[in-house]
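Structural overview for review
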Amino acid sequence: MRIGLIAMSGVRVRSAELASLGVTLPQFVSRGKVIASLPSLGLLTVAGLTPADCEVTYREISELDSTAPLEPFDLVGISSFTAQIDEAYTLADRYRAAGVPVVLGGLHVSLMPHEAAQHADAIVLYGAEGVWPRVVADARAGRLQPRYEGLRARVFDDPHYVMPRFDLLEGRPYNRVTVQTSRGCPLNCEFCAASIRITSSYQQKPVARAIREIEAALAVRREPFLELADDNTFVNKKWGKEFLRAIAPLDARWFTETDISIADDDELLDLLAESGCRQVLIGLESPDASGLDGMDPANWKQRRAGRYLDAIDRIQSRGITVNGCFILGLDNHTPAIFETVRDFVATSGLLEVQITVQTPFPGTPLYARLRREGRLLADRYWDRCTLFDVNYRPKNMTVDELESGLRWLFGQIYNEREFIRRKRRYMEIYKERLDTKDVGFTPAASSLS
Ligand code: B12
C-alpha cells in the first residue's frame, strides 16, 4: 500500500501592513526564515506507526504543484494547523475527487471535527498513537470508518510509543529538526491551542526514549539545530535534570519552550547551560500582573509576574538567552500596554522577543468565551489565526488601536539598533556572572547573531 503523508508547513502573516512591515524588519524576517523550514513531527510519528509493509512518502504542501497530476497513492494522510486548514481541505477534496481515500488528523481536526469530516473519508482525533495501525488496516480492507479517536494519555508508553521516522528527512533541506519530550502543560491557559488540546494530562517521555530520538534526529543532518516541540519541557525538575545530564554528551545545540519556574532552580540552570541549550522560549504573556489575571485557572502566571526581571537575569546569566513572548490585547490591556511592553523589553535585557495578538483559536476556552460575549469579528476566520491578525473586539481598546499598537511595537522592538542594545545588555549580565564564577561555557549570543 502506498501512503502519502502531506505536511502543512511555513509561517503565515495575513495582515498586508504587517507583512510589508516585516520586509523592513530584518530580525523578524530572519527568525521567520529559520523556523519556516521545520518538518512535521506529527507526520513523522504517523509514519513510524505505519505497518512496515507500506510504502510511505513524506511531502510538504509547498512541494506540490496544484496543476500537476496527483501522485499515485492508495491512501493520503494530511496534518492540520488552523491557519492553513483551508489549503489542507482543498488538497483533500482534490484527492477524494480522484478516488483516493483521505484521512485528516492533527490539532485543528481534533478541535473542529465536524468541519473536518466534510473533507475526509476519515478523521483522526487526538494523537495518532493507539489508532493509526487500525486506520491503515481498515483502509486496506476498504472499510474506513468516518471517525477514529487516538490516545489522549500514555502516548509515550508501550505498546503505543513509536520512534518518529526521522530517516524520511534524509536529503531534505531543513535546517532544524524537532523532537517532542512532553505533551500538554499543567498551566491550562485559556488561550492555549497547542498540544494540551489533544491530551488529557501532562505526559513526559522517558529520558532514554527522548535521547534515542534526539540521536536519530541529529543523525539525519550534519550540523543541525534541535527544537524541542514541547509546550513546557521542565515542569518536572527531577526529570529535567536527568534529561539534561543525558543530552549534554550529545554536543547538540538546542532550543525549547518552558515556563519561568526554571529560574528558581540553580542546579537545573547550571545543567541547562552545560547541556548545549541555546535558548528557552517563555510565555511571559504580559509584563504587568493585572494583564495576567485569570489567564490560567490557578493564576500561576500572575503570581510570578513580579519576579520576571530577576528570573530573566538568572537564566540569561548562564549564557542561555530567553525568548520572551508577550500577548497583546488581553482583557486588562489598555493602549498603554504597548509602551509598557517596550519599556519592559528595554529594561529586561531579553535578547529575543515575540509579540503576538491574543488569538481565539477555534476549540479553545478563549474562543468559547469571546463567542459567548459576542466579541468575535467573524464566524470563520481560520486563515487569520496567525497570531498577528486581530479577530476579536478587545475589551479596553479598539480593534484599530490593537492593530496599530502592534505595528508600532514591531518597529520599536525589531530593529537593528535595539537588538544591538539588547545584546550588549545580555553580554553584561553574562559577564557579571563570569566575573563571580568560573562558568566554563560560551554564551549563546554568538550563535544567534
Ligand atoms: C513545530 C511547530 C511549527 C512548525 C510546523 C512544522 C509542521 N509542518 O508541523 C512551523 C514552524 C512550520 C509552524 C508554523 C506555524 N505555527 Co506552529 N508550532 C509548532 C510547535 C512548536 C510544535 C508542533 C509539533 O511538532 N508538535 C508535536 C507533534 C508530534 O504533535 P502534532 O503535530 O499535534 O501531531 C500529533 C497529533 O496531532 C496527530 N496528528 C497530527 N497530524 C496528523 C495527521 C494524520 C493523518 C493523523 C492520523 C494524525 C495526526 O498525531 C501526532 C502524533 O500524536 C507548536 C507548539 C507546540 N509546542 O505544540 C506550534 C503550533 C502548532 N503552531 C502554531 C501556529 C499558530 C503556527 C503558525 C500559524 C504561525 C505563523 N504565524 O505562521 C504557522 C502555521 C503553519 C500552518 N501550516 O498552518 C500554533 C497552532 C495552533 C492551532 N490550533 O493551529 C501552535 C500550537 C503554537 C501556538 N502558538 O499555540 N509551527
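Structure: see above.
Residues numbered from 1 in each chain as written. Predicted model: local features only at pLDDT ≥ 70, side-chain atom pairs only at ≥ 80, totals over all residues. Heavy atoms only, no water.

So, the pairing of strand β11 (residues 253-258)
Examined bridge by bridge, strand β10 (residues 225-228) and β11 share three bridges and lie parallel to one another. The residue bridging Glu227 from the neighbouring strand is Phe255, located in β11. Once the chain exits β10 it traverses helix α9 (residues 237-247) before rejoining the sheet at β11, and the crossover so formed is right-handed. As judged from the five bridges shared by β11 and strand β12 (residues 277-285), these two strands associate in the parallel manner. Along β12, the bridge assignment pairs Trp254 with Cys277. In this view, the connection linking β11 to its parallel neighbour β12 by way of helix α10 (residues 266-274) has right-handed handedness. (Pairing = 2+ DSSP bridges. Helix = DSSP H or I, 4+ residues; strand = E, 2+ residues; numbered from the N terminus. Right-handed = clockwise from strand over helix to strand, strands pointing away.)

A short note on the nonpolar core
In terms of nonpolar packing, the biggest core is built from 132 residues, with Ile78, Leu104, Trp132, Phe243, Trp254, Leu272 and Ile355 touching the most fellow members. The residues touching Trp132, leaving out its near neighbours within four places in the chain, are Ile3, Leu5, Val46, Leu49, Thr50, Leu75 and Val103. (Core = buried A, V, L, I, M, F, W, Y, C linked by side-chain atoms within 4.5 Å. Buried < 20%, exposed > 50% of the residue type's maximum accessible area, 1.4 Å probe, protein only. Contact = heavy atoms within 4.5 Å.)

Observations concerning α10
Those residues of α10 that fall on the buried side of the exposure criterion are Leu268, Leu269, Leu271, Leu272 and Ala273. Lining the buried residues of α10 we find α9, β11, β12 and α12 (308-316). Its side-chain oxygen 3.2 Å from the backbone nitrogen of Glu267, Asp265 forms the N-cap of α10. Once α10 ends, the next one or two residues include Gly276, with phi positive near 95°. (Polar contact = N/O pair within 3.5 Å; in protein donor to acceptor, adjacent residues only side chain to side chain.)

Things to note about the pairing of strand β1 (residues 2-7)
Among the six residues of β1, five are classified as buried, and the element is accordingly described as predominantly covered. Alignment of β1 against strand β3 (residues 75-78), held across four bridges, turns out to be parallel. Note that in β3 the partner of Ile3 across the bridge is Leu75.

Quick look at unusual backbone geometry
Here the bond from Asp158 into Pro159 is cis, since omega is 5°, no more than 30 degrees from zero. Structurally, the position occupied by Pro159 is in the loop between β6 (147-149) and β7 (176-179). In the Ramachandran plot, Asp251 falls in the positive-phi region, its phi being about 60° despite a non-glycine side chain. Looking at the secondary structure, you find Asp251 in the loop between α9 and β11.

Things to note about the sheet that holds β6
Spatial ordering of the open sheet is given by β2-β1-β3-β4-β5-β6, a layout of six strands whose pairing is parallel. The sheet terminates laterally at β2 (55-60) and β6, the two strands that pair on one side only. Here the average twist between neighbouring strands, direction ignored, is 20°. The pairing of β3 with strand β4 (residues 102-105) spans three bridges and is parallel. Bridged to Val76 within β4 is Val102. (Axes fitted to C-alpha atoms, helices over the stretch in contact; angles between N-to-C directions.)

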